[in-house]
Amino acid sequence: MADNITSPLWQSVPDGIVPEEEVTRTENRWLAVVLAMLAVMVAIIVVTGITHGLHPPSNVETIDPTTLHLGGEFAESNLGTAAEPDGSVTVRMIGEQYSFVPQCAQVPVDTPVKFRITSTDVIHGFLLPATNVNTMVVPGFVAEVRTTFSRPGIYQMPCNEFCGYGHHGMWGAVKVVPREQFPRLGPIERTSCAKQ
Ligand code: CUA
C-alpha cells in the first residue's frame, strides 16, 4: 500500500482528475475486454454454425408456379402428408391467397418431418410457433424445412408474411399425433384434421 502512495500516479493530482497514464491503462483494459467479447461471439457463431449445420433457410429449388396444378409434385392429389420408406414423412403444401392447401396435415410425433411448400401467387410465410419451422414461401421456389415434433397436439400455422387484404385470415395447422396412431390414418385422413 505504501508503494501506491509514493507512486507518481498518486502525486500532485487535483481532486477528481485522473492521471493520463491511469486513463490509458483503463482504456486499454476495456479495449482488450471488447476484443475478447468479439472473439468469443464470432467463435460461437462459427462453432455452432459448423456443429449444428446451421444455414439460412434457403432451399434454392425453382418451380413454375403457373403449372403447379397440372401435375408433378404439387398436383392436388399429391398434397398433404406422405410416408417415406425410411419412416420419415414429407408434407407438401401450397400457400395461396388466402389459405394453405391442405388446411391441415397430420404427422406422427418423434419422427423426422420434411415440409415442402410453394406458392401459386405472392409471398407467404410459413411459421409453426415453438418449433424451428419458419420460412418464406416464395412463388417460383420450393421452400423446404425439416423438423421433429416432440409433443403431440395441434400446431397453428399463421401466414406471417403480409400477402394482401386477407392475410390476417390465412391460417393452417399441423396436427401431431401419437406414433402408433399415424399408420392407421388413410391418405385422406392424414391430409385433413376434420373429425372422422
Ligand atoms: Cu399469406 Cu399472409
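Before any of the text, the structure's been laid out above.
Residues numbered from 1 in each chain as written. Predicted model: local features only at pLDDT ≥ 70, side-chain atom pairs only at ≥ 80, totals over all residues. Heavy atoms only, no water.

Draft legend 1. Quick peek at the pairing of strand S4 (residues 104-108). Counting buried residues in S4 gives five out of five residues, a clear majority hidden from the surface. The alternating pattern of S4 places Cys104, Gln106 and Pro108 on one face and Ala105 and Val107 on the opposite face, and all of these are buried. Bridge count between S4 and strand S10 (residues 171-177): five bridges; the pairing is parallel. Looking at the pairing, Gln106 lines up with Lys175 of S10. (Buried < 20%, exposed > 50% of the residue type's maximum accessible area, 1.4 Å probe, protein only. Helix = DSSP H or I, 4+ residues; strand = E, 2+ residues; numbered from the N terminus. Pairing = 2+ DSSP bridges.)

Draft legend 2. The packing of aromatic side chains, seen in detail. Enumeration according to the criterion identifies five aromatic pairs in this entry. For the ring pair Phe100 and Phe126, a centre distance of 6.2 Å and an interplane angle of 65° mean the geometry is edge-to-face. Of this pair, Phe100 sits in strand S3 (residues 99-101) while Phe126 sits in strand S6 (residues 124-127), and the two are 26 residues apart along the sequence. According to the relative accessible area criterion, Phe100 is buried, its value standing at 1%. On the basis of relative accessible area, Phe126 is assigned to the buried category, the value being 0%. Judged by centre distance (6.4 Å) and plane angle (85°), the ring pair of Phe115 and Phe149 falls under edge-to-face. Note that Phe115 is positioned in strand S5 (residues 112-119) and Phe149 in the loop between strand S8 (143-148) and strand S9 (153-158), a separation of 34 residues in sequence. A single burial state applies to Phe115 and to Phe149, both of which are buried. Aromatic rings pair up to connect Phe100, Phe115, Phe126, Phe149 and Tyr155 into one cluster. (Phe/Tyr/Trp six-rings, centres within 6.5 Å; stacked < 30°, edge-to-face > 60°.)

Draft legend 3. Up close: the pattern of salt bridges. Considering all chains together, one arrives at six salt bridges under this definition. Taking the shortest distance from any N to any O, the salt bridge between Arg25 and Glu22 comes out at 2.9 Å. Residue Arg25 and its partner Glu22 are both found in helix H2 (residues 20-51); the two are separated by three residues, about one turn of the helix. With relative accessibility at 42%, the residue Arg25 sits in the partly exposed group. Overall, the relative accessible area of 27% leaves Glu22 in the partly exposed class. One salt bridge in this structure joins Arg92 and Glu73, with 2.6 Å as the shortest N-O distance. Separated by 19 residues along the polypeptide, Arg92 in strand S2 (residues 89-96) and Glu73 in the loop between H2 and strand S1 (80-83) bring together distant segments of the chain. We classify Arg92 as buried; its relative accessible area is 14%. A network of salt bridges, in which partner residues are shared, links Glu61, Glu73, Arg92, Arg116, Glu144 and Arg146. (Salt bridge = Lys/Arg side-chain N within 4 Å of Asp/Glu carboxyl O.)

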